[in-house]
Amino acid sequence: MSKKTKWGFSTKSIHTGNVPDKEHGSVSPPIHLTSTFKQDAVGKNRGHDYSRVSNPTRSRLEENLSAIEGASFAVCYSTGMAATTALFQLFNQGDHILVSRNTYGGTYRMAMNVLSRHGISFDWIDTRDPENIKEKIKTNTKLVHVESPTNPLLELCDIKATAEICKDKNILLSVDNTFMSPYGQRPLDLGADITMQSSTKSLSGHSDVLGGVLATNDESIYDKLQFMLKATGGVPSPFDNWLTLRSTKTLALRYQKASDNASDLANFLSEHPLIKRTIYPGLNSHPQHKIAIKQQMNPKGEVVFGSMLSIDVGEIELRDKFLDKIEIFQLAESLGSVESLVCVPFFMTHAALPDEIKLEMGITETLIRLSVGIEDIEDLKLDLSNALNK
Ligand SMILES: Cc1ncc(COP(=O)(O)O)c(C=O)c1O
């Protein structure tokens, strides 16, 4: 076993892909802002020839992300959606994909409005019960794609049990792990074939960059993804790669603090008389609390419940007053950042879903999603409490 694979999560996130540059020894790696590379002779380059195909800053980030995912390979994209699109494009006309029913709204929009036109079919199913997944598998099903926890209802999927079903049926399992980040959950260790992250969220963590990544231990999948990226071109810029590489160094500190803050706030909100429903995997009231304990853990093996929680205030007037009065939480799309954010999924992140589907699942007009940041917990609590004060 090499020294690198024995390193702990933070040591890997700080050092892997971050070796000082050969020329000047800069401790912070250089950003290779170049589209092309001088070749020494025809067919003789120094490792890179054109930045759509590969770029040294992207290679550093891919090395870093594969190390913290516990994966052999990682491929980086310009956004999370570009990563999910590439994942689904592994499949062909006539193939069928099963997806968690309240996955991120953009995944639904892309699948139903773009790839469906190309002959790939999708079913959006409840992935809380592995037996339900088993029942929904068809003869042409090639992939089960789950989010756990889902966005914004925080429904969980038992990843290990689902991986066993998929292996048995010879179907691939991919997990959108954006809500947990590799610090809070490592799906490949639980048997998944591919993990997807929107690195726009916790991996970068400062609301200043877009990105996506797919990670796998399967070399043939990696080769296909690399080929498709070269062919289709949805690559991230060197500067964005550098920002994400800089940010993963603090992922463990940021994610742990945000998750601790969210746990504290979930307990506080679940007892608040104006809130009809508080959804958080760390609460005993969460129907799948035990699954969270089983699969959501930091690299030291301690349970982490994540930085996301949702509340339903039941009345539109109360929702609007809350949003008007809240100060520290910013009304904005996105999540996983150092600053706390708040959104109304019905009209924002999940606008692409038909209203009847949202309502059937429990995404109401008064459901508010909180992405908890790393501010001082006393200030966050006071902010929420003031905003809920009639
Ligand atoms: C769970 C999840 N997956 C994927 C995405 C898409 O990522 P991006 O916005 O980087 O394209 C998002 C965006 O909010 C998300 O929340």
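Residues numbered from 1 in each chain as written. Predicted model: local features only at pLDDT ≥ 70, side-chain atom pairs only at ≥ 80, totals over all residues.

**Structural notes on the site of the ligand**
Neighbouring residues of the ligand: 15 residues in total, closest Thr79, Gly80, Tyr104, Ser198 and Thr200. Class assignment for the residues of the shell around the ligand results in four nonpolar, nine polar and two charged. (Near = placed C-beta within 6 Å. Nonpolar A, V, L, I, M, F, W, Y, C, P; charged D, E, K, R; others polar.)

**Thoughts on the environment of Met110**
Looking at the element boundaries, Met110 is found in helix α5 (residues 105-113). Residues Met110 and Ala82 lie 28 residues apart in sequence; the distance between their C-alpha atoms is 9.8 Å. Not counting chain neighbours up to four residues away, the residues in contact with Met110 comprise Met81, Thr84, Thr85 and Leu115. (Helix = DSSP H or I, 4+ residues; strand = E, 2+ residues; numbered from the N terminus. Contact = placed C-beta atoms within 7 Å.)

**Digging into the sheet that holds strand β11 (residues 341-343)**
Strand pairing in a sheet relies on backbone hydrogen bonds, with the paired strands running either antiparallel or parallel. What the five strands build is an open sheet, ordered β8-β9-β12-β11-β10; its pairing is mixed. The open sheet is flanked by β8 (277-279) and β10 (330-331), the only strands paired with a single partner. Relative to strand β12 (residues 367-371), strand β9 (residues 308-312) runs antiparallel, the two being bridged by five bridges. Considered in β12, the bridge of Met308 is made with Ser371. (Pairing = 2+ DSSP bridges.)

**Let's talk about unusual backbone geometry**
Of note, the amide linkage connecting Ser148 to Pro149 takes the cis form, showing an omega dihedral of -5°. Mapped onto the secondary structure, Pro149 falls in the loop between β4 (141-147) and α7 (159-169). Residue Pro152 follows Asn151 across a cis peptide bond; omega there is 5°. Tracing the chain through its elements places Pro152 in the loop between β4 and α7. For Leu154, which is not a glycine, the phi torsion comes out positive at approximately 55°. For Leu154, the location among the structural elements is in the loop between β4 and α7. Its identity is not glycine, yet Ser207 carries a phi of approximately 55°, on the positive side. Take Ser207: it is sitting in the loop between β6 (194-198) and β7 (212-216).

**Let's talk about the environment of Met308**
Relative to the elements of secondary structure, Met308 occurs in strand β9. A count of 27 C-beta atoms within 10 Å places Met308 in the buried class. Once residues within four sequence positions are removed from consideration, Met308 is found in contact with Pro149, Leu154, Phe179, Ala262, Leu335, Arg369 and Ser371. (Buried ≥ 20, exposed ≤ 12 C-beta atoms within 10 Å, placed from the backbone.)

**Considerations on the sheet that holds β7**
Taken together, the seven strands give an open sheet; going across it, the order is β1-β7-β6-β5-β4-β2-β3, and neighbouring strands pair in mixed fashion. This sheet does not close on itself; its edge strands, each paired only once, are β1 (73-77) and β3 (121-125). Averaged over all adjacent pairs, the angle separating strand axes in this sheet is 20°, with direction ignored. The pairing of β4 with strand β5 (residues 172-176) spans five bridges and is classified as parallel. Bridged to Leu143 within β5 is Leu172. The sheet contacts of helix α4 (residues 80-88) involve β1, β2 (96-100), β5, β6 and β7, and relative to β7 the element is tilted by about 40°. (Axes fitted to C-alpha atoms, helices over the stretch in contact; angles between N-to-C directions.)

**A look at the nonpolar core**
Generally speaking, nonpolar side chains in soluble globular proteins are found buried as a group. One finds Val75, Val213, Leu214, Ala262 and Leu309 to be the most contacted residues of the largest nonpolar core, which totals 92 residues. Counting residues per element, this core draws most heavily on helix α11 (residues 251-270), which supplies eight residues. Counting contributing residues per domain, this core is built from domain 1 (3-249) and domain 2 (252-387), each supplying no fewer than three. Discounting residues that sit within four places of it in the chain, Ala262 has contacts with Tyr280, Phe305, Gly306, Ser307, Met308, Leu309 and Val372. (Core = buried A, V, L, I, M, F, W, Y, C linked by C-beta atoms within 7 Å. Domains from an automatic or database assignment.)

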